[in-house]
Amino acid sequence: MRPAVAADAPVLGRIHVQIWRETYTGLMPAEHLASLDPDRQGERWRRILTEPEPGTTTLVGTCDDEPAGEPVGFTVVGPPRDEDHPVETELRVLNVLAAHHGTGLAARLLQTALGERAAYLWVLEGNERAVAFYRKHGFALDGGAKPHAPTGATELRMVRAVPTAG
């Protein structure tokens, strides 16, 4: 695990598209998933990494069995992007290639980027694997919902409150 750098952008573009196709088939329109372009995503990642928004943390997760420590997952944590945010930190994305599910990489990415801070995130309705993962890490559905702008699929908000001192 390490901070993402601009040189990661092409790989992040490729695995971002691969992860979405692995994860969202059946949850998002097939034509939307087919239209995702790794080069376009790579360019988007290049902008994110070369012009980072203040207060954001972007990490990549690597695996020893991948060539030259190539990323197999990533996470971005930053200030909230929603006007009606329930807490001051948003887990914007946490994705890991399906071949690396169950390895603990997602949990390590989450812990390293977020620690125990209060945060919220959006998860696609029907993505029960993700909901279970986030519940395991203290998040709960809070009733917030919104449409995913490009597809109209419903995103559900999950929130983890600040731990209280005992």
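Residues numbered from 1 in each chain as written. Predicted model: local features only at pLDDT ≥ 70, side-chain atom pairs only at ≥ 80, totals over all residues. Heavy atoms only, no water.

1. Looking at the pairing of strand E6 (residues 140–147)
Look at any regular strand and the pattern is simple: side chains alternate between the two faces of the sheet. Note: E6 against strand E7 (residues 154–160), five bridges, orientation antiparallel. Each residue of the ladder has a partner; that of proline 147, found in E7, is threonine 154. Joining the antiparallel neighbours E6 and E7 is a turn of six residues, in which glycine 152 adopts a positive phi near 85°. (Pairing = 2+ DSSP bridges. Helix = DSSP H or I, 4+ residues; strand = E, 2+ residues; numbered from the N terminus.)

2. Describing the environment of isoleucine 48
Relative to the assigned elements, isoleucine 48 resides in helix H3 (residues 38–50). You can call isoleucine 48 partly exposed: its relative accessible area is 28%. Sequence separation between isoleucine 48 and glutamate 155 is 107 residues; the distance between their C-alpha atoms is 22 Å. (Buried < 20%, exposed > 50% of the residue type's maximum accessible area, 1.4 Å probe, protein only.)

3. Concerning the packing of helix H1 (residues 9–24) against H3
Their axes nearest at 7 Å, the elements H1 and H3 cross at an angle of 125°. Classed by the angle they form, the pair H1 and H3 counts as oblique. Between H1 and H3 the crossing geometry is right-handed. Across the interface between the two elements, Ala9, Leu12, Gly13, Arg14, His16 and Val17 of H1 pack against Pro38, Gln41, Gly42, Arg44, Trp45, Arg46 and Leu49 of H3. Of the residues contributing to the contact of H1 with H3, the split by class is six nonpolar, four polar and three charged. (Axes fitted to C-alpha atoms, helices over the stretch in contact; angles between N-to-C directions. Parallel < 35°, antiparallel > 145°, perpendicular 65-115°, else oblique. Left-handed = near helix turned anticlockwise from the far one by under 90°. Contact = heavy atoms within 4.5 Å. Nonpolar A, V, L, I, M, F, W, Y, C, P; charged D, E, K, R; others polar.)

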